[in-house]
Amino acid sequence: MTRFGKLLNQNRIAHARKRKTGNKVMLSLTGVLTALALVPLVWIIVYVILRGGKSINLDFFTQLPKPLGMAGGGVLHAIEGTLIVTLLAGIFSVPPGVLAAFYAARFPNTPLGMALRFSTDVLSGVPSIVVGLFAYAVLVKPMGHYSALAGGAALAVLMLPTIIRTTEEMLKLVPHTLREGSLALGASEWKTSLSVLFPAALNGIFTGFLLALARAAGETAPLLFTTLGNERYDLKAIISGGVQSHQGFFQILDRIVNQPVDSLPLTLWKYAQQPYPERIEQAWAVALVLMLLVLIVNITARVWIQVRTRRMEG
Amino acid sequence: MWKHWQAVSGGIVNKKIKPALKPNRILRLHRIFRHGDRPWQGLIMVVSIFIIVLMAAIGWMLWRESSGARFTFGWNFLAPTTNASWDPVNDHFQAWPFIYGTLLTSLFAIIIALPISLGIAIFLVELCPAWLRTPLTWMVELLAAIPSVVYGLWGIFIFLPVVVTPIGSFLAETLGNFPVIGALFAGPMSASGASRLAASLILAIMIIPTIAAVTRDVFLAIPNSQREASLALGSTRWETIWKVLIPYGLSGILGAVILGLGRALGETMAVTMVIGNSIEGSLSLLRPGYSMASVIANEFAEAVSKLHNQALVEVGLALFVMTLLLNILARFLVWRVASRTPQEVRA
Amino acid sequence: MEIQTMVKPTTVENTAIKVQVKGLSVYYGKFRALTGIDLTVHDRKITAIIGPSGCGKSTLLRSFNRMNDLTPGCRMEGEVILEGENLLAPAVDVVDIRRRVGMVFQRPNPFPKSIYENVAYGPRLYGIRRKSDLDEIVASSLKSAALWDEVKDKLHQSGLSLSGGQQQRLCIARALAVEPEVILMDEPASALDPISTLKIEELMQDLKKDYTIVIVTHNMQQAARVSDFTAMMMIDEQRAGRLIEYDATHIIFTRPKDKRTEDYVTGRFG
Ligand SMILES: Nc1ncnc2c1ncn2[C@@H]1O[C@H](COP(=O)(O)OP(=O)(O)O)[C@@H](O)[C@H]1O
Ligand SMILES: [Mg+2]
């Protein structure tokens, strides 16, 4: 045995226990840390369900808020507001997002393609409150009033990066043979894009849309000074009032989207700061509805893509 | 002719991706005359330009809308100072307390979130039994799906009294007495728990999914041959992780941290609900503070004076620039990893 | 010992035994990849394992240092006895086994660290910290791996900056630095050019003076050139790998007993 062989042996034996314990301790630690990270998740979900569940009843979904200090009432206005604003956000973000993704997937290495990727990255990192400021400057200020429209636009900006990215990924996954087949048959590129690529990537696009929507539906900051909030907002009243006074479709639509609205997160944020116990309890109920909404959409998206991709592979 | 085709098609067949698919001559001629491609490519190009313009417009709008404040206060607005004033009544604004609050809470959040996220990533990739991997991954990602206001609500009523106040009091009694870092942990811990510490802890919970997900991808991308090389020399699993895998993925992990930092800087609602929203002079983590995003959230809709409004936009501008720089840094790191790879493939 | 290694021609009977494999079967889940392997590895000799692709050569080799443990669902039955100690016994310290039984892989896999750090990695694990000790170990390992002259002036450059053949010798040096008794090589030259291959083969002849070497190769000439003993493997009807013949290399290549071995070594097979 060489000189350093002996050296090695001495040290090795001296260190063996320390190394083995270190190994065990550190490996267990990673498991402990993982469990630790999940504590808040479980804690929040369980607690919100238990506490929020107490204040949930039919009124909660069907009534407008009662005046401050009075018990009862619901958050219909916020539910309607959230639906309207996220719907608008979807309308504003999906078409440009998908089209930009076609460009990004098609010309990834052109200067414009790289600039697009960079912009998408930057956009995904822009704080949502800053997007709110931006929407205020370009929409609320020129229009002169807060509106669902401005809120929808702000959320759309937040959704764009997710939609672009997931769609781009999906388009890249579409087998080249599919595309070649179509092109070789003499179909033009745009027909190929729409009739072959788009359907093949549709599952992915839908998933991306759902994930983006789940995130947008929970956003508060961009709505603070775009939709502002509106406890009187009542879709039924707007529509029936409009029909009674013989307004046209577009006039009614205008009244729906062109005035301040509330949303679930916005309502939660306001209620949580009020000194009235009823409002606090309702805040928990709103938290429950919001959380379930977001988690269900999120999980649906994930299950959807898993099932679909598995089917494609199988 | 070839040039013309390229102009029309914009290089339809991306040579880099599929060199095998050079169209034959007939197909090529056919393509020149087919309809609809030019409008289609025009359309997706215009939309792409729109996205780029949108990104630029955010920066430009913030710049324009904050011009008055920038002009009036200059660099003083952002400069570190111990006695900053934020005084809407007298129209005097200095943003340092917010910047300090944002930086301190974000950095502390990273310090807490990084080891936990590393632990999660290591556990998921290196140790966890296969059947547990997907459910665990999902659960960690769901942590990011819970809306920020829900974190805030839970924070105010549960997390603060139950967790933060005890931890804070403990820190004040122990670390608070140390000479230098004592300033960061000076008590008394605020009774409600609303403090920079509370914001940091909530932020940590919120950015763990981001850091863990990116780090997990980094570990997944490390070739198995590295693990085998290390284990075959008689390393323990932990030695392999600590001395081979983490060094190998270091820049990726750094990128994850930067992404997490960006998240933390811009997080608004949860922080606003638990940080205490106060501009007292203390530097301590255990005292109430304020953050850049919070001041915008709290004051923008009610800002009456033009200068106040512009000062808030300038805070937003600063926030935008910070996240932009972080993003560029993250991209640079990714680029460095990418440029290292070819060498490794050489073998 | 010294004299023994000089004795030629080598035969199964006249050399000391280093590793004894008895009734080894290996399963990947339900699939039995190896069945009933009995094999003797002789001290300070080169044993080659040959056979068609997929017959379980790597699996067998990875049983010698329990690398199979890392494959989820992989199970080993039987015994692999290294100097009287059954390596497959549950109580065995796997980490220590892997130090005693080093391994070199098909593709060079240096760490993205400096040449020095690559070699010093193992010794550092065992607690060697002093710079002079490490320097000595690194130098001597690199010399044993016939790489010293090529890298002595650039020890602090990345191991990845070397050529493929140099990288593979760096991996050998890295394995030597922890003083193994047995070195396993899984097709160590299959990713290399002919000149680098030749260098590795020469190196093996040097290493044989101090170490027991087991090499997997699918290159008949290589097995014939470098090894003292050759084990011929093949799959049976259930696709499980079996050892069909084992003898001194010159016998396997000149007068094998099994018809399938003859077909294989003469290139009439697979
Ligand atoms: N990780 C694994 N999981 C399942 N089966 C494996 C695995 N590795 C190898 N096998 C199977 O075991 C058999 C032997 O493989 P291997 O030992 O790699 O053969 P060789 O090295 O002789 O080419 C093959 O049928 C292979 O498919
Ligand atoms: Mg093999």
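Residues numbered from 1 in each chain as written. Chains lettered and ligands numbered in written order. Predicted model: local features only at pLDDT ≥ 70, side-chain atom pairs only at ≥ 80, totals over all residues. Heavy atoms only, no water.

1. Structural notes on the interface of chain B and chain A
Quoted interface sizes are often the accessible area lost when the parts come together. Each partner contributes to the interface: chain B provides 92 residues, whereas chain A provides 90 residues. Counting the surface chain B buries against chain A, the share from its top three residues, B:W40, B:W138 and B:W154, is 9%. Linking chain B to chain A there are six residue pairs in polar contact (both at pLDDT 80 or more). Per element, the largest residue contribution to the side of chain B that touches chain A is 18 residues, and it comes from helix α3 (residues 37–65) of chain B. Tallied by class, the residues present in the side of chain B that touches chain A amount to 60 nonpolar, 21 polar and 11 charged. (Contact = heavy atoms within 4.5 Å. Buried area = accessible area lost by both parts, 1.4 Å probe. Polar contact = N/O pair within 3.5 Å; in protein donor to acceptor, adjacent residues only side chain to side chain. Helix = DSSP H or I, 4+ residues; strand = E, 2+ residues; numbered from the N terminus. Nonpolar A, V, L, I, M, F, W, Y, C, P; charged D, E, K, R; others polar.)

2. Section: the interface of chain C and chain A
Taken together, the contact between chain C and chain A spans 17 residues of the former and 13 residues of the latter. Interface of chain C and chain A: buried area, both sides summed, is about 1,300 Å²; carbon and sulfur atoms make up 57% of it. When the buried area of chain C at its contact with chain A is split by residue, C:Y126, C:E136 and C:E179 rank highest and sum to 38% of it. Inspection of the region where chain C meets chain A yields one salt bridge. When the shortest N-O distance is used, the salt bridge between C:D93 and A:K20 registers 3.1 Å. (Salt bridge = Lys/Arg side-chain N within 4 Å of Asp/Glu carboxyl O.)

3. A look at unusual backbone geometry
The residue B:D91 is not glycine, and still its phi comes out positive at about 55 degrees. Here B:D91 is to be found in the loop between β1 (86–87) and β2 (92–93). On the basis of relative accessible area, B:D91 is assigned to the partly exposed category, the value being 29%. At C:E187, a residue that is not glycine, the phi angle is positive and equals roughly 45 degrees. Here C:E187 lies in the loop between β7 (182–186) and α8 (194–207). Looking at C:E187, the relative accessible area reads 10%, which means it is buried. (Buried < 20%, exposed > 50% of the residue type's maximum accessible area, 1.4 Å probe, protein only.)

4. What to know about the site of ligand 1
All names here are of chain C. Near ligand 1 the following residues occur: Y28, F31, A33, S53, G54, C55, G56, K57, S58, T59, T71 and R239. The contact in question runs from an oxygen atom of ligand 1 to an N or O atom on the backbone of C55, over 3.3 Å. In the model, an oxygen atom of ligand 1 is placed 3.1 Å from a nitrogen or oxygen of the G56 main chain. Relative to its unbound accessible area of 560 Å², ligand 1 is 63% covered by the protein chains. Class assignment of the residues belonging to the shell around ligand 1 gives a composition of four nonpolar, six polar and two charged. (Near = heavy atom within 4 Å. Areas by Shrake-Rupley, 256 points an atom, 1.4 Å probe, with all protein chains shown as cover.)

5. Quick notes on the packing of aromatic side chains
This model, assessed by the stated rule, comprises 23 aromatic pairs over all chains. Look at B:W96 and B:Y100: their rings are 6.3 Å apart centre to centre, the planes differ by 45 degrees, and that puts the pair in the tilted class. With B:W96 and B:Y100 both in helix α5 (residues 96–127) and four residues apart, this pair spans about one turn of that helix. B:W96 sits in the buried class, given a relative accessible area of 19%. Judged by relative accessible area, which is 16%, B:Y100 ranks as buried. Chaining the aromatic ring pairs together yields one cluster made of B:F73, B:F77, B:W86, B:F93, B:F98 and B:Y290. Of note, C:K143 hangs over the ring of C:W148, and the distance from its end group to the ring centre comes to 5.3 Å. Sitting above the plane of the C:F111 ring, C:R174 keeps its charged end 4.5 Å from the centroid. (Phe/Tyr/Trp six-rings, centres within 6.5 Å; stacked < 30°, edge-to-face > 60°. Lys NZ or Arg CZ within 6 Å of the ring centre and 35° of its normal.)

6. Digging into the environment of B:L231
Looking at the secondary structure, you find B:L231 in helix α9 (residues 224–232). In sequence terms B:L231 and B:L104 are 127 residues apart; their C-alpha atoms lie 40 Å from each other. Excluding residues that lie within four positions of it along the chain, B:L231 makes contacts with B:T236, B:R237, B:T240, C:L70 and C:R98.

7. As for the domain arrangement of chain B
Residue and element names in this part refer to chain B. The domain boundaries assigned to chain B delineate domain 1 (2–72) and domain 2 (87–340). Counting from both sides, the interface comprises 12 residues of domain 1 and, opposite them, eight residues of domain 2. Note on domain 1 versus domain 2: buried area summed over both sides is about 830 Å², and carbon and sulfur give 75% of it. Inspection of the domain 1/domain 2 interface yields zero salt bridges. Linking domain 1 with domain 2 are three residue pairs in polar contact (both at pLDDT 80 or more). (Domains from an automatic or database assignment.)

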